[in-house]
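Summary of the model geometry
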Amino acid sequence: MKKLFALVMMLCMLCAAVAVAEDASAINWTDVEATLAEQGLTGDFVVLDQLGLKVWLPNGLNAVEVSEADAAAGRLALFTDAENTAYLTVDAVNVEGMTLDQYYENATAAEGVSDVEIVTANGMNAVVYKSESINSWCASLVDTNSNIISFVMGPASEEGSKIVFSVIVASIQPAE
């Protein structure tokens, strides 16, 4: 966990890089990646074959096997730190007829949810918000088949977690 906190502190320095984007709701991996290199931060992309996407994870978050029960409920991937206190999950669920705009409206109206916005990460639109009830950050994409793909990171109460999550969201892109 200490390594993850050190990473969080270094990522706090990325605020300036993330703010460089012309549109505050648009985020681009190329801009963020350049700043990571300047700061000497390390991590790796993980390919999510089931989704055809890849996401960059900082060193310290490692893949953990998803239980059968969680997989049956839609969990595609789970990454945790060594102490199992910080995590990132990737979940998929089909909600017939759901659109990104409807998902945004639902998130905006939900109790215990704050900081709701639609962002564009590498050309893909997502609803991003903070869930107070489960102490996490969430970014959800809705595909043309009404599949909701959610990237959930916690705990959101950790200092610098919003910045770390912003970097992760900035990295979500089609796998090549």
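Structure report, in brief. (Residues numbered from 1 in each chain as written. Predicted model: local features only at pLDDT ≥ 70, side-chain atom pairs only at ≥ 80, totals over all residues. Heavy atoms only, no water.)

1. Some thoughts on the nonpolar core
- One finds Leu88, Leu141, Phe151 and Phe165 to be the most contacted residues of the largest nonpolar core, which totals 35 residues.
- Top contributing element to this core by residue count: helix H6 (residues 161-171), with six residues.
- Not counting residues up to four positions away in its chain, the partners in contact with Phe165 are Leu88, Val128, Trp137, Cys138, Ala139, Phe151 and Met153. (Core = buried A, V, L, I, M, F, W, Y, C linked by side-chain atoms within 4.5 Å. Buried < 20%, exposed > 50% of the residue type's maximum accessible area, 1.4 Å probe, protein only. Helix = DSSP H or I, 4+ residues; strand = E, 2+ residues; numbered from the N terminus. Contact = heavy atoms within 4.5 Å.)

2. Quick look at the pairing of strand E8 (residues 124-131)
- The buried fraction of E8 amounts to seven of the eight residues, a majority that puts the element mostly inside the structure.
- Looking at chain direction, strand E7 (residues 113-121) and E8 are connected through seven bridges and run antiparallel. Directly across from Ala121, in E8, lies its bridge partner Met124.
- Hairpin connection from E7 to E8: two residues lie between these consecutive antiparallel strands, with Asn122 at a positive phi of about 55 degrees.
- As judged from the five bridges shared by E8 and strand E9 (residues 136-142), these two strands associate in the antiparallel manner. Bridge pairing in E9 links Val127 to Ser140.
- Taking the residues that link successive antiparallel strands as the turn, the E8-E9 hairpin has four residues, and the phi of Asn135 there is positive, at about 55 degrees. (Pairing = 2+ DSSP bridges.)

3. Considering the pairing of strand E5 (residues 75-80)
- Pairing between strand E4 (residues 62-64) and E5: three bridges, direction antiparallel. What sits directly across from Ala63, in E5, is Phe79.
- Connecting the antiparallel pair E5 and strand E6 (residues 87-94) is a turn made up of six residues, with Asn84 showing a positive phi of about 60 degrees.

4. What about the side chain of Lys130?
- Here Lys130 lies in strand E8.
- Among buried Asp, Glu, Lys and Arg side chains, Lys130 stands out as unpaired, with Glu132 the closest opposite charge at 4.1 Å.
- Ignoring anything within four residues of it in the chain, the contact list for Lys130 reads Gly112, Val113, Ser114, Asp115, Ser136, Trp137 and Ala156. (Lys, Arg positive; Asp, Glu negative; His and termini not counted. Salt bridge = Lys/Arg side-chain N within 4 Å of Asp/Glu carboxyl O.)

5. Re the layout of surface pockets
- Estimated volume of the second largest pocket: approximately 160 Å³.
- Taken together, Asp91, Ala92, Val93, Tyr103, Tyr129, Ser131, Ile134, Ser136, Cys138, Ile148, Ser150 and Val152 form the lining of the second largest pocket. (1 Å grid on protein atoms, 1.4 Å probe; cavity = no way out; pocket = protein on both sides within 12 Å on 5 of 7 lines; lining within 4 Å. Points joined across faces, edges and corners; volume = space filled by probe spheres on them.)

6. Remarks on empty space enclosed by the protein
- Counted according to the given criterion, the structure contains two cavities of 30 Å³ or more.
- Every residue along the wall of the second largest cavity is listed here: Ala121, Ala126, Ala139, Ser140, Leu141, Phe151, Val169 and Ile172.
- Here the element with the most residues in the lining of the second largest cavity is E9; it accounts for three residues.
- Along the lines of polarity and charge, the residues of the lining of the second largest cavity split into seven nonpolar, one polar and no charged. (Nonpolar A, V, L, I, M, F, W, Y, C, P; charged D, E, K, R; others polar.)

7. Observations concerning unusual backbone geometry
- Cis peptide bonds are those with omega within 30 degrees of zero, and the linkage from Gly154 to Pro155 qualifies with 0 degrees.
- Here Pro155 shows up in the loop between strand E10 (147-154) and H6.
- With phi around 55 degrees, Asn122 is a residue other than glycine that occupies positive phi space.
- Positive phi is not limited to glycine here, since Ser146 has a value of about 65 degrees.
- Checked against the element boundaries, Ser146 lands in the loop between E9 and E10.

So far we have only geometry, and geometry alone does not tell us how the molecule works.
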